[in-house]
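Structural characterization, general
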There are 2 protein chains.
Amino acid sequence: MAQRRELIKGTIDSLLLCLVVQQPMYGYQIIKELERRSQGYFKFKEGTLYPALHRLEKADLIQGKWQTLPSGRQRRYYHITEKGLYSLAAKRSQWLDFLAAMNLIIQPASD
Amino acid sequence: MAQRRELIKGTIDSLLLCLVVQQPMYGYQIIKELERRSQGYFKFKEGTLYPALHRLEKADLIQGKWQTLPSGRQRRYYHITEKGLYSLAAKRSQWLDFLAAMNLIIQPASD
DNA sequence: AATAACACCTAGTATAACTATGTATAATAT
DNA sequence: ATATTATACATAGTTATACTAGGTGTTATT
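Summarised in this report is the structure supplied together with it. From a predicted model like this one, the values you see are computed outputs, not experimental measurements. (Residues numbered from 1 in each chain as written. Chains lettered and ligands numbered in written order. Predicted model: local features only at pLDDT ≥ 70, side-chain atom pairs only at ≥ 80, totals over all residues. Heavy atoms only, no water.)

Turning our eyes to something else, we now look at the packing of aromatic side chains. Under the definition given, this model contains twelve aromatic pairs over all chains. Both rings, one in Tyr41 of chain A and one in Phe98 of chain B, keep their centres 6.3 Å apart while their planes meet at 45°; by these two values the pair is tilted. One end of the pair, Tyr41 of chain A, is in the loop between helix H3 (27-37) and helix H4 (46-58); the other, Phe98 of chain B, is in helix H5 (residues 82-105), on a second chain. Owing to a relative accessible area of 1%, Phe98 of chain B belongs among the buried residues under this scheme. Every member of this aromatic cluster is reached through a ring pair, and the members are Tyr41, Phe42, Phe44, Trp95 and Phe98 of chain A together with Tyr41, Phe42, Phe44, Trp95 and Phe98 of chain B. One cation-aromatic arrangement involves Arg4 of chain A over Tyr41 of chain A; the distance from NZ or CZ to the ring centre is 4.0 Å. (Phe/Tyr/Trp six-rings, centres within 6.5 Å; stacked < 30°, edge-to-face > 60°. Helix = DSSP H or I, 4+ residues; strand = E, 2+ residues; numbered from the N terminus. Buried < 20%, exposed > 50% of the residue type's maximum accessible area, 1.4 Å probe, protein only. Lys NZ or Arg CZ within 6 Å of the ring centre and 35° of its normal.)

On to the nonpolar core, then. Membership of the largest hydrophobic core comes to 64 residues, with the highest contact counts inside it found for Phe42 of chain A together with Phe42 of chain B. Contact partners of Phe42 of chain B, with chain neighbours within four places excluded, come to Phe98, Ala101, Met102 and Ile105 of chain A together with Arg4, Ile8, Leu15, Leu34 and Glu35 of chain B. (Core = buried A, V, L, I, M, F, W, Y, C linked by side-chain atoms within 4.5 Å. Contact = heavy atoms within 4.5 Å.)

Attention now goes to the pairing of strand S3 (residues 74-80) of chain B. Residues and elements named next belong to chain B. When strand S1 (residues 25-26) meets S3, the two strands line up antiparallel, connected through two bridges. Each residue of the ladder has a partner; that of Met25, found in S3, is Tyr78. Of the pairings in the sheet, the one linking strand S2 (residues 62-68) to S3 comprises seven bridges and is antiparallel in character. Within S3, the residue paired with Gly64 across the bridge is Tyr78. Hairpin connection from S2 to S3: five residues lie between these consecutive antiparallel strands, with Gly72 at a positive phi of about 100°. (Pairing = 2+ DSSP bridges.)

Here you go:
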């Protein structure tokens with residue numbers, strides 16, 4: 001039924017690392033940015049994103065820092081760690097391996 | 001940690017349908033065939049495959065039929081149903097959509 | 001005679017995306 | 001003025017599914 005939900009599993013960490021490797025970002029921004037860059041495909045819920053960010057931080061792949069805007073509003077900016085950099089490279093590689101295997105099976109049926 | 005495990009989620013049904021659409025196959029054969037075609041990448045465990053086959057059969061996407069070999073050994077051959085054909089087409093399309101979205105984010109870093 | 005390969009099965013576990021809900025502020029609409 | 005939407009964070013509980021670990025029985029190989 002919700003194949004999309006399952007397809008996405010295992011890719012969120014890579015997606016998040018892909019974004020924060022370019023520049024530090026905060027949660028809400030990441031949700032919007034993923035939706036924008038994927039042309040509306042990725043619409044992560046907060047209940048998906050924040051736990052994922054906490055998981056990555058706990059694993060020392062990203063690190064968050066609170067920042068206070070002039071308005072007084074709080075944002076938690078995450079930036080990638082050195083360990084995160086290595087992890088991202090590994091995850092990208094794993095993704096490509098997976099993709100290659102999938103392509104071997106899911107050939108665009110010659111019809 | 002086990003990213004591979006999560007990556008695979010949501011794709012098994014498509015993989016199985018992809019195989020049985022070509023010819024009826026039985027469980028053990030599917031495991032071996034997926035490993036062969038993916039050049040060793042997919043090595044599904046029985047605890048993964050058989051429940052998946054049962055799930056697909058329950059959803060009326062495939063149908064199994066016991067066959068007895070001359071040796072007396074029993075095999076359950078699964079063939080795709082009409083509903084399975086439509087489902088496979090839909091899943092392939094969903095996979096391509098997902099892939100396109102992923103590619104927009106996981107660009108092979110220009111390095 | 002013992003091991004590996006064949007061929008099926010399932011109960012329980014782990015993981016992670018999501019639902020639903022909560023808090024609080026700023027901007028916009030009525 | 002007031003209500004709604006957008007911004008910004010958080011988490012407890014639900015659901016789905018790949019896997020672990022175990023089981024049954026047959027056939028082929030060492």
